[in-house]
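Here is how the chains run, residue by residue.
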Amino acid sequence: MDASEAKDFFLDRFAGFERKLEGRANAGNDANAGNEWTRETRRAAAARFGALGFPTTRDEEWKYTSVEPIVKTAFAAGDGAAEDAGDRMADFISGAPAENLFVFVNGRFSQRLSHSEKLPAGTIAGSLAAAMTDHRTEVEPHWARYADYREHGFVALNTALMEDGAFLFVPAGAVVEAPIHFLFLSTAPDEAIVSHPRALIVLEPNSRATVVESYAGFAKQVYFTNAVTEIVLGDGAALDHYKAQLESARAFHVATANAQMGRDAELISYSVALGGALTRNDVNVALDGEGGDCTLNGLYATAGRQHVDNHTRIDHLKPRSTSRELYKGVMGGKSRGVFNGKIYVHPAAEKTDARQTNRNLLLSEEAWIDTKPQLEIYNNDVKCSHGSTIGQLDEEALFYLRARGIGLRDAIGLLIRGFATDVTMRMKCEPVMSWIAGRLEEKLDSISIDEGKR
């Protein structure tokens, strides 16, 4: 397919999706049947996607990332929930937090594969589609309010076509002790499929929670995950948010996450991208309350011909807010990475304290990184800095290790792990840190290293 045909394909999918929802609504036998209140927004999003289409490398924000592989792939509907995938998902959750596990297969909630321990009174966790009907008063004020479908084609596509996803609501003052794990599992054994999962996380004032979003698929399967996450933190709320992208090596993963933060709210975010043939992560944070505190930590490791693009934007809207950002990349083979991060200080945001860092380690002569850290400041009473580094392994450090009897490959491995685990060691939740560190170890072992010139 070309771009025009691909756009028509998804618009036809939306037309069929609307007819299906209307039929189910008339029959009253589907969780989506009670979601009539989303119809106008969905239609507006579909129309906007029709106007925007797919981004191209002529768009500044997509200058280094071509979505042509997505456009050219013929995707099937992926209507089957493939419940049998549960028999094969043990590899993904081995060692992962499982006290509160909510599983979504091809974008749809699986009650059979999910379970949770006791949650604080008033806490709601599970299917977003069901919550849209059963807990409309908690969902409606926030759904499609922060991730802007008017400017971003993939967000518009998700808003129009999402059928289900994850929902978490934590009432004021409540503390969720055990991590809540949303696992989005894709399975496409026979033909390429596409899913549009969405997550909405709402923490009311002075509440606390830890949330894990993981995306995984089976080896060599081709599929496309187009995900959107919206996070709302009330005044004084605190969220530790972990995202683990463990997609199939032939998968496409495009994700947008938007966080809206109130006064004295705290967000600590960790994004780890290890899988996928083509990955694009957009993370946008609005510090819309005085005293807000945001930390973004990211790690991407690529091999072969993988392509991973991280775009971040932190908006300091109110006074005395703080942000810290550290993204690190390890790239081998002929892979390519992109980091484009912006800190935007608005005129009213005096006393802003912001720091952004991007560091990259290239393990072969053909690996490549495009990095663009940015500051845009409209207030003089601030303290802001940004920086980026690109380099190879330290020859002196490598010589030091080898001089002490450590073999070349082991010495290289030690240096790579020392560079990458700087991010994982910052993780506050021990079970999550151990699980992701194990996945990272497997990935680093698979990265090919150009040793010919050593």
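Overview of the structure.

About the thresholds
- Residues numbered from 1 in each chain as written.
- Predicted model: local features only at pLDDT ≥ 70, side-chain atom pairs only at ≥ 80, totals over all residues.
- Heavy atoms only, no water.
- Phe/Tyr/Trp six-rings, centres within 6.5 Å; stacked < 30°, edge-to-face > 60°.
- Helix = DSSP H or I, 4+ residues; strand = E, 2+ residues; numbered from the N terminus.
- Buried < 20%, exposed > 50% of the residue type's maximum accessible area, 1.4 Å probe, protein only.
- Lys NZ or Arg CZ within 6 Å of the ring centre and 35° of its normal.
- Polar contact = N/O pair within 3.5 Å; in protein donor to acceptor, adjacent residues only side chain to side chain.
- Contact = heavy atoms within 4.5 Å.
- Patch = residues over 30% accessible without salt bridge, like charges linked within 9 Å, V, L, I, M, F, W, Y side chains within 5 Å.
- Areas by Shrake-Rupley, 256 points an atom, 1.4 Å probe, with all protein chains shown as cover.
- Salt bridge = Lys/Arg side-chain N within 4 Å of Asp/Glu carboxyl O.
- Lys, Arg positive; Asp, Glu negative; His and termini not counted.
- Charge placed at Lys NZ, Arg CZ, Asp CG, Glu CD.
- Expected span 1.5 Å × (residues − 1).
- Bend = angle between axes of the 7 residues up to and from the residue.

1. Thoughts on the packing of aromatic side chains
Then, in step 1: Under the defined criterion, the tally for this structure stands at 18 aromatic pairs.
Then, in step 2: Between Trp 62 and Phe 154, the aromatic rings sit 5.7 Å apart at their centres with planes inclined by 45 degrees, giving tilted as the arrangement. Of this pair, Trp 62 sits in the loop between helix H2 (39–52) and helix H3 (68–72) while Phe 154 sits in helix H7 (residues 153–161), placing them 92 residues apart in sequence.
Then, in step 3: Taken together, a centroid distance of 5.4 Å and an interplanar angle of 40 degrees make the contact between Tyr 327 and Phe 339 tilted. Of the two residues, Tyr 327 is situated in strand S16 (residues 322–331) and Phe 339 in strand S17 (residues 336–345); the sequence distance between them amounts to 12 residues. Summarising the burial analysis for this pair, Tyr 327 and Phe 339 share the class buried.
Then, in step 4: Lying over the aromatic face of Trp 62, Arg 280 brings its terminal NZ or CZ to 3.8 Å of the ring centre.
Then, in step 5: Over the ring of Phe 419 we find Lys 328; its NZ or CZ atom is 4.0 Å from the centre of that ring.

2. A few points about the side chain of His 316
Then, in step 1: Along the polypeptide, His 316 turns up in strand S15 (residues 307–316).
Then, in step 2: In terms of polar contacts, His 316 uses its side chain to reach the side chain of Ser 323, at 2.9 Å.
Then, in step 3: Ignoring any residue separated from it by four or fewer positions in sequence, one finds His 316 in contact with Leu 287, Ser 321, Thr 322, Ser 323, Ile 343, Tyr 344, Val 345, His 346, Ala 349, Thr 352, Asp 353 and Ala 354.

3. Brief notes about the environment of Leu 398
Then, in step 1: Tracing the backbone through its elements, the reader meets Leu 398 in helix H8 (residues 395–403).
Then, in step 2: Taking relative accessible area as the criterion, Leu 398 reaches 4% and is therefore assigned buried.
Then, in step 3: Each C-alpha atom of the pair Leu 398 and Arg 426 lies 25 Å from the other, and the pair is 28 residues apart in sequence.

4. Some words on a negative patch on the surface
Then, in step 1: Judged by side-chain charge, Asp 2, Glu 5, Asp 8 and Asp 12 come together as a negatively charged surface patch.
Then, in step 2: Structurally, the position occupied by Asp 8 is in helix H1 (residues 3–27).

5. What about helix H9 (residues 408–424)?
Then, in step 1: Taking 1.5 Å as the rise per residue, H9 with 17 residues should run 24 Å; its terminal C-alpha atoms sit 24 Å apart, in good agreement.
Then, in step 2: The largest bend along H9 reaches roughly 30 degrees and is located at Gly 418.
Then, in step 3: Of the positions making up H9, those classed as buried are Leu 408, Ala 411, Ile 412, Gly 413, Ile 416, Arg 417, Phe 419, Ala 420, Val 423 and Thr 424.

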